[in-house]
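Here is what each chain is made of, one letter per residue.
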Amino acid sequence: MTVRGVYRKAKISSKASKVSDALRKIAVREPQWNQDSIIDFSEKTFKKVQKAWSDQDLESLKELLHPHLYMLWERDIQDQISECERNLISSVKITDILIINVQNYLEDEKDKFTVLITASCIDKIYRGKKLVEDHSSPFEELWTFEWENG
């Protein structure tokens, strides 16, 4: 790991530790901010989205994504379909989830949190039956979740 990578990891770990402390305090008043529940929800949602994307299942994605993001992904999936392309994702393994940001407002509908998900998967893109890309390697993604209807 490079010096930059070590520094980045230390900064993220420090931020996650501060957020964890804040979550413990918030969860006393608002149980939905329980850290274990947030991590469990994030993991399940991440896996559902990966599966729905791989299956080109727009209906499932509609209930999981922010409307603006859904419009972008809908276009991307329609493009895939028109080009006879398929992004097959399998063997999704999450190695870590860190909650790195929390925004808690008086109005719960504005609440949101961000997680850093470290994962790996088999990620292959086919055009017709021909394999055109293979991105099977570990990766990190930032996901922001917004509260909606509880």
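Below, the structure is looked at part by part.

Re helix α4 (residues 67-82)
Link 1 in the chain: Taking 1.5 Å per residue as the helical rise, α4 with its 16 residues ought to reach 22 Å, and the 22 Å between its terminal C-alpha atoms agrees with that figure.
Link 2 in the chain: Listing the buried residues of α4 in full gives Y70, I77 and Q80. Relative to the axis of α4, the buried residues are bounded by an arc of 80 degrees and lie together on one face. Of the exposed residues in α4, the ones pointing more than 90 degrees away from its buried face are M71 and S82.

Some remarks on the environment of S137
Link 1 in the chain: Of note, S137 is situated in the loop between β3 (130-134) and β4 (139-146).
Link 2 in the chain: As for S137 and S120, which are separated by 17 residues in sequence, their C-alpha atoms are 5.8 Å apart.
Link 3 in the chain: Ignoring sequence-local partners within four residues, the contact set of S137 consists of A119, S120 and C121.

Section: the nonpolar core
Among soluble globular proteins, nonpolar side chains are generally buried collectively.
Link 1 in the chain: Counting 26 residues, the largest nonpolar core has W33, L61, F113, V115, I117 and W143 as the members making the most contacts within it.
Link 2 in the chain: Only α1 (3-29), α2 (35-54), α3 (58-64), α4, β1 (85-103), β2 (112-127) and β4 provide two or more residues apiece to this core.
Link 3 in the chain: Apart from residues lying up to four places away in sequence, L61 is in contact with V49, A52, W53, Y70, W73 and I77.

Rules behind the numbers
Residues numbered from 1 in each chain as written. Predicted model: local features only at pLDDT ≥ 70, side-chain atom pairs only at ≥ 80, totals over all residues. Heavy atoms only, no water. Helix = DSSP H or I, 4+ residues; strand = E, 2+ residues; numbered from the N terminus. Expected span 1.5 Å × (residues − 1). Buried < 20%, exposed > 50% of the residue type's maximum accessible area, 1.4 Å probe, protein only. Arc of directions from axis to C-beta. Contact = heavy atoms within 4.5 Å. Core = buried A, V, L, I, M, F, W, Y, C linked by side-chain atoms within 4.5 Å.

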